[in-house]
Amino acid sequence: MESSHGTIAIPAKCNDCPVKTRQIMERIKQALEKARQERQIHNGGIPGAQGREPVTEINYSQTRTVTVPDDTLRDNRIITGLNPGAFTDAYKLLRTQILQRLNENNWNVLAITSPGNGEGKTLTAINLAISLAMEIDYTVLLVDANLNHPWMLELFGIPQGKGLSDYLLDDVPLAELLIQPSRIEHLALLPAGRPLENSAEMLNSPKMANLVSDMKARYARRIIIFDLPPVLTSADALSFSPLVDAALLVVEDGKTQKQELERAIELLSGTNLLGTVLNKAPLKKN
Ligand SMILES: Nc1ncnc2c1ncn2[C@@H]1O[C@H](COP(=O)(O)OP(=O)(O)OP(=O)(O)O)[C@@H](O)[C@H]1O
Ligand SMILES: [Mg+2]
């Protein structure tokens with residue numbers, strides 16, 4: 001699939017991936033509009049602008065190292081540098097293109113989303129983050145922004161615990177929440193934390209805007225990647241998208257419908273779209 005933004009194909013490693021949902025647009029539009037209005041009221045419409053509370057002490061270097069089992073990574077298709085091949089190469093190509101676009105624009109906050117469920121957002125976010133972290137100059141903070149349905153830690157084989165929602169609701173210090181997966185240097189994970197019902201509102205809250213703007217400003221060589229829910233099935237991705245520099249849209253080969261992709265691009269029209277990732281594409285034979 002080609003788009004005006006450019007597409008990178010990520011090969012499939014299996015053919016049995018689930019077929020899932022369609023959109024409930026009206027509900028999303030209403031929730032989105034409500035979230036936008038609330039943010040404008042709270043924040044003058046500019047993330048991180050005047051009137052915001054300061055973020056107290058984010059110390060990214062005090063991360064807790066957690067051992068991640070090799071076989072879990074392998075079973076969940078997480079790249080480690082120990083398993084070269086077309087799959088890993090596709091993420092390296094994606095990394096190169098993303099880095100170019102980020103650097104050209106002086107951006108460092110990237111969201112990963114897709115039109116629907118199960119199209120490969122989380123795996124793309126993880127493997128892109130690891131590819132970027134392999135670049136000597138960069139550190140990467142990968143945030144599970146699926147506050148309603150946290151999943152990222154499962155893929156690393158790490159038990160769910162506190163995370164972003166606990167920071168947003170209970171002021172749990174970030175230093176207590178960040179995790180450094182063993183042997184993946186330069187990568188820190190911020191888990192989602194306890195599941196929340198009102199995730200769209202939390203992602204659009206002044207406290208969240210404040211956190212993102214602090215993360216963005218603190219280190220020039222840090223890239224922050226947010227793994228988001230789908231654009232078409234909840235208001236979360238759209239209510240959060242004004243806070244990021246750019247977004248990457250994952251589409252699943254043979255599953256994502258053309259209209260779904262078009263609708264997602266239309267809804268994200270206020271966001272800098274870096275391109276699309278064609279996920280689970282058949283491996284090209286040489
Ligand atoms: N390139 C790929 N090849 C094979 N399987 C893949 C690929 N990308 C993702 N998968 C598999 O597809 C399933 C869904 O992937 P993932 O959890 O990343 O999707 P998602 O878009 O984040 O889902 P959700 O909408 O539930 O957040 C997982 O089992 C994952 O391992
Ligand atoms: Mg996901």
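This is a predicted model, so every value here is computed, not measured. (Residues numbered from 1 in each chain as written. Chains lettered and ligands numbered in written order. Predicted model: local features only at pLDDT ≥ 70, side-chain atom pairs only at ≥ 80, totals over all residues.)

**Remarks on the overall build of the protein**
No. 1: Helix and strand counts for the protein stand at 10 helices and nine strands.
No. 2: Counting over 286 residues, the protein shows a buried share of 44%.
No. 3: The long-range fraction of contacts in the protein, counting pairs at least 24 apart against all pairs at least 6 apart in sequence, stands at 83%. (Helix = DSSP H or I, 4+ residues; strand = E, 2+ residues; numbered from the N terminus. Buried ≥ 20, exposed ≤ 12 C-beta atoms within 10 Å, placed from the backbone. Contact = placed C-beta atoms within 7 Å.)

**Quick word on the environment of Ser114**
No. 1: Mapped onto the fold, Ser114 is located in the loop between β3 (109–113) and α4 (121–134).
No. 2: With 150 residues separating them in the primary sequence, Ser114 and Ala264 have C-alpha atoms 7.6 Å apart.

**Side note on the site of ligand 1**
No. 1: In the vicinity of ligand 1 lie 19 residues, with Asn117, Gly120, Lys121, Thr122 and Leu123 positioned nearest.
No. 2: Considering each element in turn, the shell around ligand 1 owes the most residues, three residues, to α4. (Near = placed C-beta within 6 Å.)

**Quick word on the nonpolar core**
No. 1: Ala129, Leu142 and Ile225 are the most contacted members of the largest nonpolar core, which has 77 residues in total.
No. 2: With nine residues, α4 is the single largest residue contributor to this core.
No. 3: The residues touching Leu142, leaving out its near neighbours within four places in the chain, are Ala125, Ile126, Ala129, Leu187, Leu189, Ile225 and Asp227. (Core = buried A, V, L, I, M, F, W, Y, C linked by C-beta atoms within 7 Å.)

**Some points on the packing of helix α3 (residues 86–105) against α4**
No. 1: Where α3 contacts α4, the two axes come as close as 9 Å, and the packing angle between them is 70 degrees. Looking at the two axes, α3 sits roughly perpendicular to α4. Here Tyr91, Lys92, Leu94, Arg95 and Ile98 of α3 come into contact with α4, specifically with Asn127, Leu128, Ser131 and Leu132.
No. 2: Of the residues contributing to the contact of α3 with α4, the split by class is five nonpolar, two polar and two charged. (Axes fitted to C-alpha atoms, helices over the stretch in contact; angles between N-to-C directions. Parallel < 35°, antiparallel > 145°, perpendicular 65-115°, else oblique. Nonpolar A, V, L, I, M, F, W, Y, C, P; charged D, E, K, R; others polar.)

**Regarding the pairing of strand β7 (residues 222–227)**
No. 1: Here β7 lies mainly inside the structure; five of its six residues are buried.
No. 2: Judged from the four bridges that link them, β3 and β7 form a sheet pairing that is parallel. Across the sheet, Leu110 pairs through a bridge with Ile225, a residue of β7.
No. 3: In terms of strand pairing, strand β4 (residues 139–144) meets β7 through six bridges, oriented parallel. Each residue of the ladder has a partner; that of Leu141, found in β7, is Ile224. (Pairing = 2+ DSSP bridges.)

**Notes on the environment of Pro69**
No. 1: Summarising the element assignment, Pro69 is placed in the loop between β2 (64–66) and α2 (70–75).
No. 2: The exposed category is assigned to Pro69, around which 12 C-beta atoms lie within 10 Å.
No. 3: Separated by 112 residues in sequence, Pro69 and Pro181 have C-alpha atoms that sit 9.7 Å apart.

**A word on α3**
Three- or four-residue spacings in an α-helix give side chains the same orientation, since the helix completes a turn every 3.6 residues.
No. 1: Between its first and last C-alpha atoms α3 spans 29 Å; for 20 residues at 1.5 Å apiece the expected length is 28 Å, and the two agree.
No. 2: For α3, every residue scored as buried is listed here: Ala90, Tyr91, Leu94, Arg95 and Ile98. An end-on view of α3 places all buried positions within 140 degrees of arc, on one side of the element. Opposite its buried face, α3 presents the exposed residues Ala86, Gln100, Asn103 and Glu104, each directed more than 90 degrees away.
No. 3: On the buried face of α3, the contacting elements are β1 (7–11), α4 and β9 (273–281).
No. 4: Asn106 occupies a position one or two residues after α3 and carries a positive phi of about 60 degrees. (Expected span 1.5 Å × (residues − 1). Arc of directions from axis to C-beta.)

**Here we look at the environment of Gly275**
No. 1: Turning to its location among the elements, Gly275 is positioned in strand β9.
No. 2: Residue Gly275 is classed as partly exposed on the basis of its C-beta count, with 19 C-beta atoms lying within 10 Å.
No. 3: When the C-alpha positions of Gly275 and Ala246 are compared, they lie 9.6 Å apart, and in sequence the two are 29 residues distant.

**Quick notes on helix α10 (residues 258–267)**
No. 1: Here α10 has its buried residues at Glu260, Leu261, Ala264 and Leu267. Buried residues of α10, viewed axially, fall in a sector of 130 degrees; they line one side. Across from the buried face of α10, at angles greater than 90 degrees, the exposed residues are Lys258, Gln259, Glu262 and Glu266.
No. 2: Here the buried face of α10 lies against α9 (236–240) and β8 (246–252).

**Observations concerning the confidence of the model for the protein**
No. 1: When the pLDDT values of the protein are averaged, the result is 83; 79% of them are 70 or greater.
No. 2: The lowest-confidence element of the protein is helix α1 (residues 25–43), averaging 48 in pLDDT; the highest-confidence one is β3, averaging 98.
No. 3: Predicted confidence is poor over residues 14–25, with pLDDT under 50, and the contacts of this stretch with residues over four places away or in other chains come to 14 contacts.
No. 4: In the predicted structure, residues 38–57 sits below a pLDDT of 50 and forms 28 contacts with residues beyond four places in sequence or in another chain. (pLDDT = per-residue confidence, 0-100.)

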